[in-house]
Amino acid sequence: MASKFDDLAGRLLLRFAVVLHHTVAGRVARERQIARRDAAIRGAHRRGVPVETLAARMRLTPSWIRQVLNGKKPAEVEEAA
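Residues numbered from 1 in each chain as written. Predicted model: local features only at pLDDT ≥ 70, side-chain atom pairs only at ≥ 80, totals over all residues. Heavy atoms only, no water.

### Topic: the overall build of the protein chain
The following threshold applies: Only DSSP runs of H or I covering at least 4 residues are called helices, and only runs of E covering at least 2 are called strands; the numbering of each starts at the N terminus. Any residue under 20% of the maximum accessible area for its type is buried, any over 50% is exposed, and the rest in between are partly exposed; the area is computed with a 1.4 Å probe on protein chains only. We call two residues in contact when some of their heavy atoms are within 4.5 Å. Computed with the Shrake-Rupley method and a 1.4 Å probe, the accessible areas treat only the protein chains shown as cover for residues.
Counting its secondary structure elements, the protein chain contains 4 helices and 0 strands. The helix and strand sequence of the protein chain, counted from the amino end, reads α-α-α-α. Across the 81 residues of the protein chain, 27% fall into the buried class. Sequence separation of 24 or more characterises 54% of the internal contacts of the protein chain that already satisfy a separation of 6 or more. For the protein chain, the accessible area works out to roughly 6,000 Å², and carbon and sulfur atoms hold 55% of it.

Here it is as structure tokens:
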């Protein structure tokens, strides 16, 4: 059973992931920030934050969040010609 500390820690990690997600720029910096964001998402999920909440707050799909949680890189979105 998750304690109140785990819930609070999970929510704080989620907020950190959101901030990182919205402030990434530059290819190398972007990759570093996304790696940190993904680690924060995994940490929040380990502390009891459900996938649906993670997806809603991150403005990503639940399937994208599940790929991050499984350690897979989601496919890059291709530009339309």
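### Notes on the packing of helix 3 (residues 51-58) against helix 4 (residues 62-69)
Rule in force here: Angles here are taken between N-to-C directions and fall from 0 to 180 degrees, while the axes themselves are lines fitted to C-alpha atoms, restricted in helices to the stretch in contact. If an angle is under 35 degrees, it is roughly parallel; if it is over 145, roughly antiparallel; if it lies from 65 to 115, roughly perpendicular; otherwise it is oblique. Each crossing gets its hand from how the near helix is turned against the far one by less than a right angle, where anticlockwise is left-handed and clockwise is right-handed. Throughout this entry, Asp, Glu, Lys and Arg are counted as charged residues, while Ala, Val, Leu, Ile, Met, Phe, Trp, Tyr, Cys and Pro are counted as nonpolar. The remaining residues, Gly among them, count as polar.
Across the interface, helix 3 lies against helix 4 with an axial gap of 9 Å and an inter-helix angle of 110 degrees. Classified by the angle their axes make, helix 3 and helix 4 are roughly perpendicular. The crossing of helix 3 and helix 4 is right-handed. Here helix 3 contributes V51, E52, L54, A55 and M58 to the contact with helix 4, which in turn contributes P62, I65, R66 and L69. Residue classes in the contact of helix 3 with helix 4 are distributed as 7 nonpolar, no polar and 2 charged.

### Topic: the pattern of salt bridges
Test applied: For this document, the term salt bridge refers to a Lys or Arg side-chain nitrogen within 4 Å of an Asp or Glu carboxyl oxygen.
All told, the structure shown has 3 salt bridges when counted by the stated rule. For R37, the salt bridge identified is with D38, shortest N-O distance 2.9 Å. Given a relative accessible area of 6%, R37 falls into the buried group. Across the pair E52 and R66 runs a salt bridge whose closest N-O atoms are separated by 3.7 Å. In this pair, E52 is assigned in helix 3 and R66 in helix 4, connecting sequence segments 14 residues apart.

### What to know about helix 2 (residues 27-46)
Along an α-helix, residues three or four positions apart point the same way, because every turn accommodates 3.6 residues. What counts here: Residue count minus one, scaled by 1.5 Å, sets the expected span of a helix.
Relative to the 28 Å expected for 20 residues at 1.5 Å per residue, helix 2 spans 28 Å between its end C-alpha atoms, a close match to the ideal helical length. Elements in contact with the buried residues of helix 2: helix 1 (4-22), helix 3 and helix 4. Two residues or fewer after helix 2 comes G48, characterised by a positive phi angle close to 105 degrees.

### Considerations on unusual backbone geometry
Backbone geometry at R59 places phi at a positive 60 degrees, although glycine is not the residue there. For R59, the position within the fold is in the loop between helix 3 and helix 4.

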